[in-house]
Amino acid sequence: MVAKPKPKLAVWKFASCDGCQLSLLDCEEELLAITGMVDICYFPEATRAEVKGPYDLSLVEGSITTPHDAERIHKIRRSSRTLVTIGACATAGGIQALRNFKDVKTFIPLVYAQPSYIETLNKSTPISEHVFVDFELRGCPIDKGQLVEVLNAYLWGRKPAIRPHSTCIECKLAGNVCVMVAKGIPCLGPVTHAGCGGLCPTYQRGCYGCFGPKEDSNTRSLAARLASPIGMEEDDLVRLFRSFNAYAEDFRKESEAHED
Amino acid sequence: MWTIQPRGLGDLLEALRNRGYRVVGPVVRDGAICYEDLGSIEDLALAWLDEQEPGNYRLTGSGNGDLFSYSPGAHTWKKFLHKPSVTLWRATKDQKGLHLKEEPTAEGKVALFGARPCELAAIAIQDRVFLEGPFVDSFYAAARKEMFVVALNCSHPSKSCFCVSMKTGPRAATGFDLCLTEIHPNGEAELVVEVGSETGGLILADLQRREATEKDLEAVRKTLEEAEQRVERSLDTEGIQGLFDRSFESPQWDDVARRCLGCANCTMVCPTCFCTTVVESSDLAGAEATRTRIWDSCFTKDFTYIHGGSVRPSGYSRYRQWITHKLANWIEQFGTSGCVGCGRCITWCPVGIDITAEVEALRARERTGSGSGGSSHEGNA
Ligand code: SF4
Ligand code: SF4
Ligand code: SF4
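Each value, and the rule that gives it
Residues numbered from 1 in each chain as written. Chains lettered and ligands numbered in written order. Predicted model: local features only at pLDDT ≥ 70, side-chain atom pairs only at ≥ 80, totals over all residues. Heavy atoms only, no water. Near = heavy atom within 4 Å. Helix = DSSP H or I, 4+ residues; strand = E, 2+ residues; numbered from the N terminus. Nonpolar A, V, L, I, M, F, W, Y, C, P; charged D, E, K, R; others polar. 1 Å grid on protein atoms, 1.4 Å probe; cavity = no way out; pocket = protein on both sides within 12 Å on 5 of 7 lines; lining within 4 Å. Points joined across faces, edges and corners; volume = space filled by probe spheres on them. Buried < 20%, exposed > 50% of the residue type's maximum accessible area, 1.4 Å probe, protein only. Arc of directions from axis to C-beta. Contact = heavy atoms within 4.5 Å. Polar contact = N/O pair within 3.5 Å; in protein donor to acceptor, adjacent residues only side chain to side chain.

S.K.: Break down the site of ligand 2 for me, citing the residues and quoting the values.
M.R.: Residue and element names in this part refer to chain B. Near ligand 2 you find 13 residues, and of these Cys270, Cys339, Cys342, Gly343 and Cys345 are the closest. Contributing elements (two or more residues each) for the shell around ligand 2: helix 11 (315–334) and helix 12 (344–347). Partitioning the shell around ligand 2 into residue classes produces nine nonpolar, two polar and two charged.

S.K.: Can you tell me about empty space enclosed by the protein, naming the residues and giving the values?
M.R.: Residue and element names in this part refer to chain B. Under the definition given, this model contains seven cavities of 30 Å³ or more. Of the voids in this model, the largest cavity is the one considered here, and its volume is about 130 Å³. Surrounding the largest cavity, 14 residues form its lining, Cys260, Cys266, Tyr319, Cys349 and Ile353 being those nearest its centre. Tallied by class, the residues present in the lining of the largest cavity amount to 13 nonpolar, one polar and no charged.

S.K.: Lay out the site of ligand 1 in plain terms, naming residues and giving numbers.
M.R.: Around ligand 1, the surrounding shell consists of A:Cys168, A:Cys171, A:Lys172, A:Cys178, A:Val179, A:Cys187, A:Gly189, A:Pro190, A:Pro201 and B:Asn265. At the site occupied by ligand 1, the surrounding residues belong to chains A and B. Among the elements that line the shell around ligand 1, the one with the most residues is helix 7 (residues 167–173) of chain A, at three residues. Of the residues that constitute the shell around ligand 1, the class distribution is seven nonpolar, two polar and one charged.

S.K.: Let's hear about helix 6 (residues 198–205) of chain B: which residues, and what values?
M.R.: Residues spaced three or four apart along an α-helix face the same direction, because each turn holds 3.6 residues. All names here are of chain B. Those residues of helix 6 that sit buried are Gly200, Ile203 and Leu204. In a view along the axis of helix 6, the buried residues occupy a sector of 100 degrees, so they form one face of it. In this structure, the buried residues of helix 6 make contact with strand 1 (2–4), helix 1 (8–18), strand 2 (21–29), strand 10 (148–152), strand 11 (178–183) and strand 12 (190–195).

S.K.: Could you give me a rundown of the side chain of B:Ser165, with the residues and numbers involved?
M.R.: Residue and element names in this part refer to chain B. Residue placement: Ser165 occurs in helix 5 (residues 163–166). Assessed through its relative accessible area of 17%, Ser165 is described here as buried. Polar side-chain contacts of Ser165 include one of 3.1 Å to the backbone oxygen of Phe162. Those residues in contact with Ser165 that sit more than four places away from it in its chain are Ser234, Leu235 and Thr237.

Next up, the structure:
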C-alpha cells in the first residue's frame with residue numbers, strides 16, 4: 001500500500017488579533033498528533049517555512065477590512081479545497097465591525113497622523129460575504145477543543161460535532177446556577193451559540209455572546225426581559241449586543257432596534 | 001412513626017455513610033439550593049428560605065427557626081440517575097481489527113437526602129421510561145439499583161409549585177426508605193420519620209429516636225394541610241389530551257413563540273425530561289473512538305434533524321411539541337403525565353414562561369372561540 005500524502009494545511013490571517021491562530025499553537029497535547037496527520041504548509045504565525053499551494057484545508061482568521069484583503073481572500077479560496085473560518089472576526093466581522101455602524105472616514109484622522117496613507121474599507125465584513133466558506137467555527141477566541149474537532153472531522157470526512165444550540169444547554173450541563181434567574185445578572189446565553197462550555201456563568205458573570213447568535217436566536221424577547229424587570233437601559237442594550245459579534249445579523253438588528 | 005431531633009440528621013448522614021452510601025443532598029451554592037455531595041452535616045442547606053416566581057429565584061436566610069423552608073431548587077436528582085453525560089462505549093483499532101469495549105455501568109450506592117414528594121414522583125416516571133419498557137437503560141438501572149431515599153415532605157412550597165393539582169405532593173406516599181416531616185410542637189424543630197422499607201427501618205434503628213406521639217402526628221397533619229393550602233399555582237388537567245388535540249393550530253403557539261428563547265433551560269431543569277443525543281468522537285489518528293450520550297432537548301433544531309432539515313424548524317412547533325408531549329402524549333405513551341408540578345421550568349425559564357399559564361391560555365382561547373384557525377403556521381411547521 002502506498003501511503004497517502006498528508007493533507008496540506010494553511011493558516012491565513014486578515015484583520016484580527018491572532019488569538020484564534022494561537023489557539024492552534026495552544027493545542028499542546030494534540031499538536032504533535034495534528035502535525036502527524038497534516039502537513040502545515042503555510043502558517044506565518046508559527047514558521048517562516050512555506051510550501052506553495054494549492055492547499056487541502058485553509059483556516060482563515062480575521063475579517064476583510066481593506067481593498068487588498070478583498071482581493072487576497074479570492075486567491076486563497078482558489079488555492080484551497082476546503083476553507084474554514086475561525087473566530088468571530090472571520091465569521092462575523094469581529095470587534096472592528098463596530099465601524100460598520102459609523103462612517104469610518106470621520107475617525108481615521110483622529111487615529112492616524114497621516115490619514116492619506118490609510119486605505120481602508122468602510123465596513124469590516126466576514127469572509128463569507130466574499131467567498132464560499134465550508135465551515136464557520138465560532139468564538140472570540142475559538143475553543144481549542146472545537147478546533148481539534150473540526151480538524152478531526154475534516155480528516156475523517158465527517159460533520160464536525162459542533163452544536164448550534166444555546167449556551168444555556170452547556171451552562172446547565174455544567175451544573176451551573178443560572179445567573180440571570182438567581183441574581184438578575186444580564187446574560188446573553190439564551191441567544192448565544194454554544195462552544196465555551198458556559199464559561200462566564202461558571203464564574204458568576206453573564207454571557208457576553210462571544211460565539212455569536214445561536215440558531216433561531218430570539219434576541220427581541222431576551223432584550224425585552226433585560227429591559228424589564230432586569231432594568232437595562234436602551235444604551236446598555238445597544239452595547240450588550242454590539243461587541244465581538246456586533247455585525248452578526250441577529251445581534252446587529254437587535255442593537256439597531258435600541259438605537260434612537 | 002418515630003420522632004428525631006435535628007441533630008439526628010447528622011447521625012442519619014453518618015449511618016448512611018457508614019453503610020457505604022455516597023450521600024447527596026441540598027447544599028447552598030451560587031445563591032441557590034443545589035444537589036451535591038454531603039461530606040458532613042455542615043454541608044446540608046438548613047434555615048434557608050427561597051422565593052420563586054416565573055424567571056426569578058432568590059435565596060435568603062429563613063430567620064424563623066425552620067430548617068427546611070425551601071422547595072426544589074436549581075438541580076434535580078436526575079443528574080445522579082440519568083446523568084448529563086455518559087460514555088456508552090469505546091473502540092480501538094489496530095492491525096487485528098476493531099475492538100469494542102462497553103463502559104462499565106457499576107455505581108456505588110447513592111443515598112438521596114431530602115428528596116421532595118414531587119421529585120419522588122418524577123423518579124417513578126423515569127423508572128417507567130428507563131426500566132419498564134422493552135429496553136432497559138443499563139446505566140440508569142445501575143444507578144437506581146442500590147439507591148436509598150430519605151424523603152422530605154414539604155412545609156414551604158414555593159410560588160412556582162403546583163404539586164397539588166398534579167397529585168404528587170406536598171406529602172410523599174411511596175418511593176422512599178425514610179420520610180421526614182419537620183414539625184415545631186413546642187417552638188423547637190423536630191422531625192417525624194416514617195419508615196418506607198426494611199433498609200430504612202434498619203438505618204433508623206441506629207439513631208436516637210422516640211416513638212411519635214399523637215400530638216406529633218397531629219402536627220404533621222396540620223403542617224401538610226397548611227402546606228397544601230399554600231400551593232397557589234395549579235394546572236387544570238381535566239380532559240387535557242382532548243385540549244391539546246384540539247389546540248394543534250391554536251394561535252397561542254404564535255404567542256408563546258414570540259416569548260420563547262428556545263434556550264432549553266426548561267427541559268434541562270425538568271426532573272422527568274429524558275431526551276439525549278449521542279456524540280461520536282475519535283482521536284486524530286483514528287485509532288480510538290468514543291460514543292458519549294449527553295442530555296439533549298426538543299428545543300434544539302438538531303433534535304429532529306433528518307435528511308433535508310429539521311422536522312420542527314420553528315419555535316412555534318418546538319414549544320408545542322414540548323408541552324403537548326409533557327402534558328398529553330406522555331399519558332398515552334407511559335400511562336402518566338410527564339409533569340409532576342415541581343415548578344422548575346417556570347422559575348428557571350429566563351423569560352418566565354409558565355406552563356400552567358400556557359395551558360390556561362389554550363383553554364381561554366377555546367372558550368372565546370379564538371382556539372384555532374388564526375395561526376400563521378401550517379401543520380408541523
Ligand atoms: S446563566 Fe446565562 S447561559 Fe447559563 S442558563 Fe442562565 S441565561 Fe443561560
Ligand atoms: S414540566 Fe415543569 S413543572 Fe412539570 S415536572 Fe417538568 S419542570 Fe416540573
Ligand atoms: S420555555 Fe423558557 S426555558 Fe423553555 S426554551 Fe422557552 S424560553 Fe427557554
